[in-house]
Amino acid sequence: IPDVLTPSVDGLSSVVYGVGTLGMLLGIAVVGWLLRDETLDSGSGRFRVLLVIPAFAALSYASMTFGIGVFTINGYDVEGMRYLDWLVTTPVLVGYVGHVVDVDRSVVYGAAGLDATMILTGFVATTTTGMLRWGAFAVSSVAFLLMLYVMFVQYPRRANTTTPERKRLFLRLRNQVGVLWLLYPVIWLASPVGFGLVSTLGTAMLVTFMDVAAKVPYTWVVHEHRGIFGTDRVSN
Ligand code: RET
């Protein structure tokens, strides 16, 4: 049974995670500052909810900085808080993209469910060995591809509100997810848990960079377009 409660993280990775924590907090601070003069009923209230994404990640990164939730299994260090962060926040990132063009709830939940399946089976791949590991990796990758199919094919087809502004925001967020997220399985394969082409520290740096890049600009982009949620209410 892995010992989850005893802090164990090497010094340099810990520094990288400290930087990740600051990156998430800085992202929140910038949006908070940009919103300083806006009241909650100006349409930005709806948008503010998204700040839970970098906020949850900041907590997760702070934990990892101190080695909390890090356990060693099959000889690899696994950050439990990272998977918890991904499990909670990535379905929100994916679901919100559909919400922007007012896609029916069932489709949004379908995409979010595929995303959660991808993260859970990815966690299984990370913490097991042999056939189970590669089977779980394959299932996770298939869930990822299906999720991209929903975002790229079903979301546009099922959009109920496609004003030009909504469409523009939709495309920016969706394409960001479609491009950036493909690197995660590549990094996993290159990391010590995969083929060991990149060190533990290198993996920590790459994933930290990716996590900040996937979360902080996302909230900035939505912030820029927050006007679409003013008078024009989303019905679903
Ligand atoms: C894993 C390994 C198994 C195969 C696949 C993966 C995909 C992970 C992804 C993670 C995205 C995380 C984000 C975090 C934001 O902060 C689990 C690495 C497909 C796509 C966007």
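Residues numbered from 1 in each chain as written. Predicted model: local features only at pLDDT ≥ 70, side-chain atom pairs only at ≥ 80, totals over all residues. Heavy atoms only, no water.

Here's the deal with the layout of surface pockets
- Its volume calculated, the largest pocket comes out at about 720 Å³.
- Lining the largest pocket are 36 residues; nearest its centre among them are Y83, W86, Y184, W188 and V207.
- Mapped onto the lining of the largest pocket, the elements with two or more residues apiece are β2 (76–79), α4 (80–100), α5 (105–127), α6 (130–157), α8 (183–190) and α9 (200–224).
- Considering every element that reaches the lining of the largest pocket, the biggest residue donor is α9, with 7 residues.
- Partitioned by chemical class, the residues of the lining of the largest pocket number 21 nonpolar, 10 polar and 5 charged. (1 Å grid on protein atoms, 1.4 Å probe; cavity = no way out; pocket = protein on both sides within 12 Å on 5 of 7 lines; lining within 4 Å. Points joined across faces, edges and corners; volume = space filled by probe spheres on them. Helix = DSSP H or I, 4+ residues; strand = E, 2+ residues; numbered from the N terminus. Nonpolar A, V, L, I, M, F, W, Y, C, P; charged D, E, K, R; others polar.)

A short note on the pattern of salt bridges
- Per the counting criterion, the structure on display carries 4 salt bridges.
- E79 is paired through a salt bridge with R82; the nearest N and O atoms lie 3.7 Å apart.
- Residue class for E79 comes out buried when judged on its relative accessible area of 13%.
- Overall, R82 belongs to the buried group, its relative accessible area being 5%.
- Among the charged side chains, a network of salt bridges with common partners joins E79, R82 and D211. (Salt bridge = Lys/Arg side-chain N within 4 Å of Asp/Glu carboxyl O. Buried < 20%, exposed > 50% of the residue type's maximum accessible area, 1.4 Å probe, protein only.)

Overview of the pairing of strand β1 (residues 70–73)
- Of the strand pairs in this sheet, β1 and β2 are connected by 4 bridges, and their pairing is antiparallel. Pairing of F71 across the sheet is with V78, part of β2.
- Here β1 hands over to β2 after 2 residues, with N74 in that stretch at a positive phi of 55°. (Pairing = 2+ DSSP bridges.)

Comments concerning the confidence of the model for the chain
- Across the chain, the average pLDDT comes to 90, with 90% of residues at 70 or higher.
- Confidence over residues 4–8 falls short of pLDDT 50; this stretch has 10 contacts with residues more than four positions distant or in other chains.
- In the model, residues 231–236 has pLDDT below 50 throughout and makes 13 contacts with residues more than four positions away in sequence or in other chains.
- Among the scores for the predicted complex, ipTM is 0.98 and pTM is 0.91. (pLDDT = per-residue confidence, 0-100. Contact = heavy atoms within 4.5 Å.)

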